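# Structural overview
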Amino acid sequence: MTEKDKQRVLIIEDETNLAGFVELELQHEGYETAVCHDGRTGLEMALEEDWDVILLDLMLPELNGLEVCRRIRPVKDTPIIIMTARDSVMDRVSGLDQGADDYIVKPFAIEELLARLRALFRRIDHEEEQRAQQQPTVNYRDLSIEKANRIVKRGEEVIDLTKREYELLLFLMENVNMVMSRDVLLEKVWGYTSEVETNVVDVYIRYLRNKIDLPNQDSYIQTVRGTGYVMRT
Ligand code: CA
């Protein structure tokens, strides 16, 4: 992990003292953090932004933690660690049933939380490595994506893309000849199901074209009028 891509942790916890303490400790360990104190705001933040992990309390105002977890899951696979004071088997089971990745019982020592986070990230790195090894590169004409290290090239030239541009290009290249509507792209690349202006997609396609296309040549990405976008072979 390089300094510039710090792992981002969203803390959803209504006990402000605990939330503040955890936030300080995580920042001290080099994580980037955000805190919110109710379930509804937490859900919004979880869906709107990309987090590397979400620390989720169960007993929350507005929307309880299990419900937050249940609503995140169909849309995003952000790892979720549930924090709760209630150490009942039922809670643990329902949390994991709703798609949580791990579980920590309050009060906990901060070292235990840090160890859980490290273990979680190790597991994810390992899974990503395995996935990348299974399908190391994706090609389209002279564009290539090395998935293991997220390197995009046109011929031998490396093209620098933001995370979202990368995800968008990868999705189109992994689905060549399939016309993707703006709605589908929003869902697959952004993780939104609704309520977002679909012209966000057009804006990002423009960014992407500016970076990958050569001047005076047809774009790699074709616009299908009234429908969406496609990369055709
Ligand atoms: Ca609480």
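Only a predicted model underlies this, so the values are computations on that prediction, with no experimental measurement involved.

Cut-off values and rules
- Residues numbered from 1 in each chain as written.
- Predicted model: local features only at pLDDT ≥ 70, side-chain atom pairs only at ≥ 80, totals over all residues.
- Heavy atoms only, no water.
- Helix = DSSP H or I, 4+ residues; strand = E, 2+ residues; numbered from the N terminus.
- Contact = heavy atoms within 4.5 Å.
- Salt bridge = Lys/Arg side-chain N within 4 Å of Asp/Glu carboxyl O.
- Buried < 20%, exposed > 50% of the residue type's maximum accessible area, 1.4 Å probe, protein only.
- Donors = N, O, S within 2.8 Å, 3.2 Å for Na, K, Ca; no water.
- Pairing = 2+ DSSP bridges.
- Axes fitted to C-alpha atoms, helices over the stretch in contact; angles between N-to-C directions.
- Core = buried A, V, L, I, M, F, W, Y, C linked by side-chain atoms within 4.5 Å.

Turning next to the environment of Val9. For Val9, the location among the structural elements is in strand 1 (residues 8-12). For Val9 and Trp51, which are 42 residues apart along the polypeptide, the C-alpha to C-alpha distance reads 5.9 Å. Beyond its immediate stretch of four places on either side in the chain, Val9 contacts Leu26, Tyr31, Glu32, Thr33, Ala34, Trp51, Val53 and Leu55.

Turning our eyes to something else, we now look at the pattern of salt bridges. Applying the stated criterion across every chain yields a total of 20 salt bridges. Lys106 serves as the salt-bridge partner of Glu15, at 3.1 Å between the closest nitrogen and oxygen. Placement of the pair is Glu15 in the loop between strand 1 and helix 1 (16-28) and Lys106 in the loop between strand 5 (102-105) and helix 5 (110-134), with a sequence separation of 91 residues. Here Arg70 and Glu67 are joined by a salt bridge, their closest N and O atoms 2.8 Å apart. Taken together, the residues span about one helical turn, with Arg70 and Glu67 both in helix 3 (residues 65-72) at a distance of 3 residues. What makes Arg70 partly exposed here is its relative accessible area of 42%. Three or more residues are tied together by salt bridges with common partners; here these are Glu13, Glu15, Asp57 and Lys106.

It is worth spelling out the coordination of the calcium ion at this point. Of the protein atoms, only Asp14 (OD), Asp57 (OD) and Met59 (O) coordinate the calcium ion, at distances of 2.1 to 2.3 Å. All donor residues of the calcium ion come from one chain, and their arrangement in sequence is D-x42-D-x1-M. Of this pair, Asp14 sits in the loop between strand 1 and helix 1 while Asp57 sits in strand 3 (residues 53-57), and the two are 43 residues apart along the sequence. Using a relative accessible area of 30% as the deciding quantity, one classes Asp14 as partly exposed. Look at Asp57 and you get buried, because its relative accessible area is 2%.

To continue, consider the sheet that holds strand 6 (residues 137-140). A sheet is described by the order of its strands in space; here 4 strands give the open sequence 6-7-8-9, paired in antiparallel fashion. Two strands bound the open sheet, and with one partner strand each, they are strand 6 and strand 9 (157-159). Along the sheet, successive strands turn relative to each other by an average axial angle of 25 degrees, direction set aside. Two elements, strand 6 and strand 7 (residues 143-146), share 4 bridges in a ladder whose sense is antiparallel. Among the inter-strand pairings, Tyr140 is bridged to a residue of strand 7, identified as Leu143.

The topology assignment puts Ile54 in strand 3. Of the residues examined, Ile54 reaches a relative accessible area of 0% and is grouped as buried. Beyond its immediate chain neighbours, meaning those up to four positions away, Ile54 contacts Leu10, Ile12, Ala46, Ile72, Thr78, Pro79, Ile80 and Ile81.

Our next topic: the nonpolar core. By size, the foremost hydrophobic cluster in this structure holds 27 residues, and its most contacted members are Leu143, Leu169, Leu185, Ile221 and Met231. Mapped onto this core, the elements with two or more residues apiece are strand 6, strand 7, helix 6 (163-174), helix 7 (182-190) and helix 8 (199-212). In this structure, Leu143 is in contact with Val138, Lys153, Arg154, Ile159, Leu169, Met173, Ile212, Tyr220 and Met231, ignoring residues within four places of it in sequence.

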